[in-house]
Amino acid sequence: QGQLVESGGGLVQAGGSLRLSCAGSGRTFSSSTMAWFRQSPGKEREFVAAITQSGTRSRYADSVKGRFTISRDNPKSTVYLQMSSLKPEDTADYYCASMFGWGAGVSSGDSYDYWGQGTQVTVSS
């Protein structure tokens, strides 16, 4: 997949919205499952959402279902995470990642081959 670069993080009040972007490079972006994970200080990395290479299927963590939406634009080699109704517990560093294939392992970070450097999201109460 090559390099993944996240952007769009920042400080937002509870109830607000943010859209994260992850720009990929390399020829295989459109062939890759893309996902978002997050990690807060002192906590383990947590799966957030994933989307198939075509964008026709997605999967979400229960904690974000109904509030977050993952999407992708293959011609732009970019995956997005639209976050709404944000809560203080959504505060974390958010990472995008890529892998080939789709299955039970899509929510496991160990399944992913490439990772971005992360973007910080802080939700104030």
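Residues numbered from 1 in each chain as written. Predicted model: local features only at pLDDT ≥ 70, side-chain atom pairs only at ≥ 80, totals over all residues. Heavy atoms only, no water.

### Some words on the overall build of the protein
Our working rule: Per the convention used, a helix needs a DSSP run of H or I reaching at least four residues, while a strand needs a run of E reaching at least two, with both numbered from the N terminus. Put simply, the radius of gyration uses C-alpha atoms, and a globule should come to 2.2 Å times the residue count raised to 0.38. Two residues form a contact once any of their heavy atoms are found within 4.5 Å. Per-residue and other accessible areas follow the Shrake-Rupley method at a 1.4 Å probe size, with only the shown protein chains counted as cover for residues. Counted as positive: Lys and Arg. Counted as negative: Asp and Glu, with His and the chain ends omitted from the count. To locate a charge, take NZ of a lysine, CZ of an arginine, CG of an aspartate or CD of a glutamate.
Looking only at helices and strands, the protein features 0 helices and 11 strands. For the protein, the sequential pattern of α-helices and β-strands runs β-β-β-β-β-β-β-β-β-β-β. Relative to the 2.2 N^0.38 estimate, which gives 14 Å for 125 residues, the radius of gyration of the protein is 13 Å and therefore close to what a compact globule would have. Taking the principal axes of its C-alpha atoms as reference, the protein extends roughly 40 × 25 × 25 Å. Considering only residue pairs separated by 6 or more positions, the protein has 59% of its internal contacts joining residues 24 or more positions apart. Just so you have it, the protein exposes about 6,200 Å², and 45% of that area is on carbon and sulfur atoms. For the protein, the distance from the average position of its 12 positive side-chain charges to the average position of its 10 negative side-chain charges is 7 Å.

### Considerations on the sheet that holds strand E7 (residues 68–73)
Where we set the bar: A strand pair is defined by DSSP finding two or more bridges across the two strands. Axes, fitted as lines to C-alpha atoms, cover a helix only where it is in contact. Angles between the N-to-C directions of the axes lie from 0 to 180 degrees.
Here 4 strands make up an open sheet; going across it, the order is E1-E3-E8-E7 and the pairing antiparallel. The sheet terminates laterally at strand E1 (4–7) and E7, the two strands that pair on one side only. With strand direction ignored, the average angle separating the axes of adjacent strands in the sheet is 15 degrees. In the sheet, E1 pairs with strand E3 (residues 18–24) via 4 bridges, with the strands oriented antiparallel.

### Some thoughts on the environment of Lys43
Counted only if it meets this: Only protein chains enter the accessibility calculation, which uses a 1.4 Å probe; a residue is then buried when its area is under 20% of its type maximum, exposed when over 50%, and partly exposed in between.
With respect to the helices and strands, the residue Lys43 is situated in the loop between strand E4 (33–39) and strand E5 (46–51). On the basis of relative accessibility, which here comes to 55%, the residue Lys43 falls in the exposed class.

### Here's the deal with the environment of Val121
As for its position among the elements, Val121 is in strand E11 (residues 119–124). Judged by relative accessible area, Val121 falls into the buried class, the value being 0%. Separated by 49 residues in sequence, Val121 and Arg72 have C-alpha atoms that sit 20 Å apart. The residues contacting Val121, other than those within four sequence positions of it, are Gly9, Gly10, Leu18, Leu20, Met83, Asp90, Thr91, Ala92 and Tyr94.

### As for the pairing of E5
Put simply, side chains in a regular strand alternate between the two faces of the sheet. In terms of burial, E5 is a largely internal element, 5 of the 6 residues being buried. Linkage of E4 to E5, two consecutive antiparallel strands, is achieved through a turn of 6 residues, within which Gly42 is found at a positive phi near 80 degrees. As judged from the 3 bridges shared by E5 and strand E6 (residues 58–60), these two strands associate in the antiparallel manner. In the strand pairing of E6, Ile51 is matched with Ser58.

### What to know about unusual backbone geometry
At Ser77, a position not held by glycine, the phi torsion is positive, near 50 degrees. Backbone geometry places Ser85, a non-glycine residue, at a positive phi of 45 degrees. Structurally, Ser85 is set in the loop between strand E8 (78–83) and strand E9 (92–99). Residue Ser85 is classed as partly exposed on the basis of its relative accessible area, which comes to 42%.

### Thoughts on the pattern of salt bridges
Charged atoms that come close allow side chains of opposite charge to pair. Quick reminder of the rule: By definition, a salt bridge exists where a carboxyl oxygen of Asp or Glu is found within 4 Å of a side-chain nitrogen of Lys or Arg.
Counted according to the given criterion, the structure contains 5 salt bridges. Note that Glu46 is salt-bridged to Arg38, the shortest N-O span being 2.8 Å. Asp110 is paired through a salt bridge with Arg45; the nearest N and O atoms lie 4.0 Å apart. One end of the pair, Asp110, is in the loop between E9 and strand E10 (114–115); the other, Arg45, is in the loop between E4 and E5, with 65 residues separating them in the sequence. What makes Asp110 exposed here is its relative accessible area of 72%.

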